[in-house]
Amino acid sequence: MGVLLSSTILRKVAMALSGLFLMLFLLQHFAINITSVFSEEIFNQFSHFMGINPIVQFLLQPVLIFGVIFHFVMGFVLDIQNRRARGTRYAVYKGNANASWVSRNMLISGATILAFLALHFYDFWVPEINYKYIEVLPEDPNRYYEELVHKFEDFTRVILYVISFFFLALHLSHGFSSSFQSMGFNNKYTPVLKSIGKVYAIGIPAGFAFIAIFHFLNH
Amino acid sequence: MKLKLKIWRQENAAAKGSIQTYSLDGVSPDMSFLEMMDVLNEQLMEQGIDPVAFDHDCREGICGSCSMFINGEAHGPDRLVTTCQLHMRKFKDGDTIHIEPFRAKPFPVIKDLVVDRTAFDRIQHAGGFVSVNTSGNTQDANAIPIEKADADKAFDAATCIGCGACVATCKNASAMLFVSAKVSQYALLPQGQVEATDRVLNMVSQMDEEGFGNCTNTGACEVECPKGISLENIARMNREYLSANVKG
């Protein structure tokens, strides 16, 4: 950890790698969730597998939680350092003349996603941990779909989720291509990569929003 | 043209500065920004007011001396020019122009609009050179063939004049564009390979020691750079740095 904090470039690379890891996770999360739109049975099968598989539960889940915490803590640390590096603020600073709002405000979009994660963990992760490890209720491979649908019956929750997905899209639209630049990838394929990044940044959050709205309207 | 100028005035490094407002009449649209500042200073001296201190030298856009943060942008609203090449025709009669020094912790204000940019010199001294014995043994420049594409990229990187606009404009006061240009101009050439590992490690280490911020890839530096130094150089420096760390 100390080594990571010792160099500006290593800090960038650490942010990029943790960001890419979280984007991979997001893709996997979406791939499973979208099945709930087509088939209750497939969604339950996937969820049950993820819920009881020891590699997922005791290796991937802790790594994921570490990745999330690391990305957020590092983001805040970097922001504090960056503010210190400026010293005296400018009286007039025209940030929009040379950089997009999204790229300049990753902390705002990131903090919104952090707040969303608190809600999301309260909604799904806490009840899940309670079910399996605290109350130790009998395993039911068909409970997942009902639990998901039940959450999205609440209009306020759907609105909060959709707003959060909008900020997620903003965060990803800079984060995707930025992470490759940080790792030293900038060549003739960069324009293609940026396009893939835009598709991912809009597609994944829009897909998540669709799932939430779909279940709200269907039930 | 008649202008209202809001200029940062600061007696010395220790003094607390503030923005002062001056009116200036009779500004020609054909004047450069620095000529406008000269006219203002003559007016101030006639009034018995200390003239505004600002850096300048060649006034041809190649020395990197002039700075100034004009209306919220390094070197003002024009693109690919330094302040000395910025012309008053870019402004309108009656405009209010805000003029501040380049701001960054590693660029402390010396007086008014003059800042200490020797942090860049120290970064250069840490590795921005090739050690060549020039005492009568100089090799012919064309003896080592270099691919045109690499030569062009190296030359593009070498056009960096070290003015500090990248630091001034970056929301994080990061010096990555400057340092990456200096690393790249050698990294792309065979002459730079001998000291490549030490160069990137030492220059980045010095950059960090000076207290510049972290790059967050906003791209503002590339837009405001008077020489159009590309972000590609930052990616190259990151690659060089990572491979240098692996090599040790």
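This structure is a prediction, so every number in the text was calculated from the model and none was measured.

The rules behind the values
Numbering of residues starts from 1 in each chain and follows the order in which that chain's sequence is written. Each chain takes a letter, starting from A, and each ligand takes a number, starting from 1, following the order in which they are written. Where local features are concerned, this predicted model is filtered to residues with pLDDT of at least 70; where side-chain atom pairs are given and counted, the filter is 80 or more; whole-chain, interface and lining totals use all residues. A helix here means a DSSP run of H or I that spans at least four residues, while a strand means a run of E at least two residues long, and both kinds are numbered starting from the N terminus. We call two residues in contact whenever the C-beta atoms placed from their backbones are within 7 Å. Whether a residue is buried, exposed or partly exposed follows from its count of other C-beta atoms within 10 Å of its own C-beta, namely 20 or more, 12 or fewer, or something in between, respectively; the C-beta atoms are built from the backbone. Note: two strands are recorded as paired if DSSP finds a minimum of 2 bridges between them. All axes here are fitted lines through C-alpha atoms, helices being fitted over the stretch that makes contact, and every angle between N-to-C directions spans 0 to 180 degrees. An angle below 35 degrees is treated as roughly parallel, one above 145 as roughly antiparallel, one from 65 to 115 as roughly perpendicular, and anything else as oblique. For a crossing to be left-handed, the near helix must be turned anticlockwise from the far one by less than a right angle; the clockwise case is right-handed. For this classification, Asp, Glu, Lys and Arg are treated as charged, while Ala, Val, Leu, Ile, Met, Phe, Trp, Tyr, Cys and Pro are nonpolar and the rest, including Gly, are polar. Residue ranges assigned to the domains are those given by an automatic or database domain assignment. By convention in this section, buried Ala, Val, Leu, Ile, Met, Phe, Trp, Tyr and Cys residues joined through C-beta atoms within 7 Å make up a nonpolar core. In this scheme, a helix's expected span is set at 1.5 Å multiplied by one less than its residue total. Throughout, the bend at a residue refers to the angle made by two axes, fitted to the seven residues ending there and to the seven starting there.

**Q** So what exactly am I meant to see when it comes to the overall build of chain A here?
**A** Along the backbone of chain A there are nine helices and zero strands. Its helices and strands in sequence order give chain A the pattern α-α-α-α-α-α-α-α-α, from N to C terminus. For chain A, contacts bridging at least 24 residues in sequence account for 83% of all contacts bridging at least 6.

**Q** I keep staring at the overall build of chain B and nothing clicks. Help me out?
**A** The secondary structure content of chain B amounts to eight helices and seven strands. Counting across all 248 residues of chain B, residues that qualify as buried make up 45%.

**Q** Looking at this structure, how should I read the environment of S67 of chain B?
**A** All names here are of chain B. With respect to the helices and strands, the residue S67 is situated in the loop between α1 (33-46) and β3 (69-70). Using a count of 25 C-beta atoms within 10 Å as the deciding quantity, one classes S67 as buried. Here the alpha-carbon distance between S67 and A168, two residues 101 residues apart in the chain, equals 9.1 Å.

**Q** Explanation requested: the pairing of strand β5 (residues 96-100) of chain B in the structure shown.
**A** For a regular strand, side-chain orientation follows a simple rule: the groups alternate between the two sheet faces. All names here are of chain B. Note that strand β1 (residues 3-9) and β5 share four bridges and pair parallel. Across the sheet, the residue bridging to I7 is I99, located in β5. Where β3 meets β5, two bridges bridge the pair, whose relative direction is antiparallel. Pairing of I70 across the sheet is with I99, part of β5.

**Q** Mind showing me how you'd approach the packing of helix α1 (residues 8-33) of chain A against helix α4 (residues 54-86) of chain A here?
**A** For any two helices packed against each other, the geometry comes down to the angle between their axes and how far apart the axes lie. All names here are of chain A. Relative orientation of the contacting elements α1 and α4 amounts to 140°, with a least axis distance of 9 Å. Taken together, the axis directions place α1 and α4 in an arrangement best described as oblique. You can see that α1 and α4 cross each other, and the crossing is left-handed. On the side of α1, the interface is formed by R11, A14, M15, S18, G19, F21, L22 and F25, while α4 contributes L64, G67, V68, F70, H71, M74 and L78. Residues belonging to the contact of α1 with α4 are distributed by class as follows: ten nonpolar, four polar and one charged.

**Q** Would you mind going over the interface of chain A and chain B with me for this structure?
**A** Accessible area lost on assembly of the parts is the figure often given for the size of an interface. Taken together, the contact between chain A and chain B spans 33 residues of the former and 36 residues of the latter. Of all elements in the fold, only α1, α4, α5 (101-104) and α8 (155-182) of chain A reach the threshold of two or more residues within the side of chain A that touches chain B. Ranked by residues supplied to the side of chain A that touches chain B, first place goes to α4 of chain A with six residues. Looking at the side of chain A that touches chain B residue by residue, the class counts come to 13 nonpolar, 14 polar and six charged.

**Q** Would you take a moment to explain the domain arrangement of chain B for this structure?
**A** Residues and elements named next belong to chain B. Along its sequence, chain B is organised into domain 1 (3-111) and domain 2 (117-247). Placing a centre on the C-alpha atoms of domain 1 and another on those of domain 2 gives a separation of 29 Å. Tallying the contact residues gives 18 residues for domain 1 and 17 residues for domain 2. Class assignment of the residues belonging to the side of domain 1 that touches domain 2 gives a composition of ten nonpolar, five polar and three charged.

**Q** Whenever I open this one, the nonpolar core confuses me. Can you help?
**A** Proteins that are soluble and globular tend to have nonpolar side chains buried together. Residue and element names in this part refer to chain B. In terms of nonpolar packing, the biggest core is built from 75 residues, with C166, V167, L177, F178 and V179 touching the most fellow members. When residues of this core are assigned to their parent elements, the largest contribution, eight residues, is made by helix α5 (residues 176-187). Split by domain, this core shows at least three residues from each of two domains, domain 1 (3-111) and domain 2 (117-247). Filtering out sequence-adjacent residues up to four positions away, V179 remains in contact with I123, M203, V204, M207 and M237.

**Q** Hey, could you run me through the environment of L119 of chain A in this one?
**A** Mapping L119 of chain A onto the fold places it in helix α6 (residues 106-134). Between the C-alpha atoms of L119 of chain A and R104 of chain A, which are 15 residues apart in sequence, the distance is 26 Å.

**Q** Sorry, what's going on with the sheet that holds β1 of chain B here?
**A** In a beta sheet, neighbouring strands pair by backbone hydrogen bonds and run either parallel or antiparallel. The five strands are arranged β2-β1-β5-β3-β4 (chain B) in an open sheet whose pairing can be described as mixed. Both outer strands of the open sheet, β2 (18-24) and β4 (73-74) of chain B, are each paired with one neighbouring strand and no more.

**Q** Honestly, α6 of chain A in this entry has me stumped. Any pointers?
**A** Residue pairs spaced three or four apart in an α-helix point in one direction, given the helix's 3.6 residues per turn. Residue and element names in this part refer to chain A. With 29 residues, α6 should reach 42 Å at 1.5 Å per residue; the first-to-last C-alpha distance of 37 Å falls well below that figure. Residue F121 marks the point of greatest curvature in α6, where the axis turns by about 45°. M106, S109, G110 and I113 are the residues of α6 that are buried. Tucked inside the fold, the buried residues of α6 contact α4, α5 and α8.

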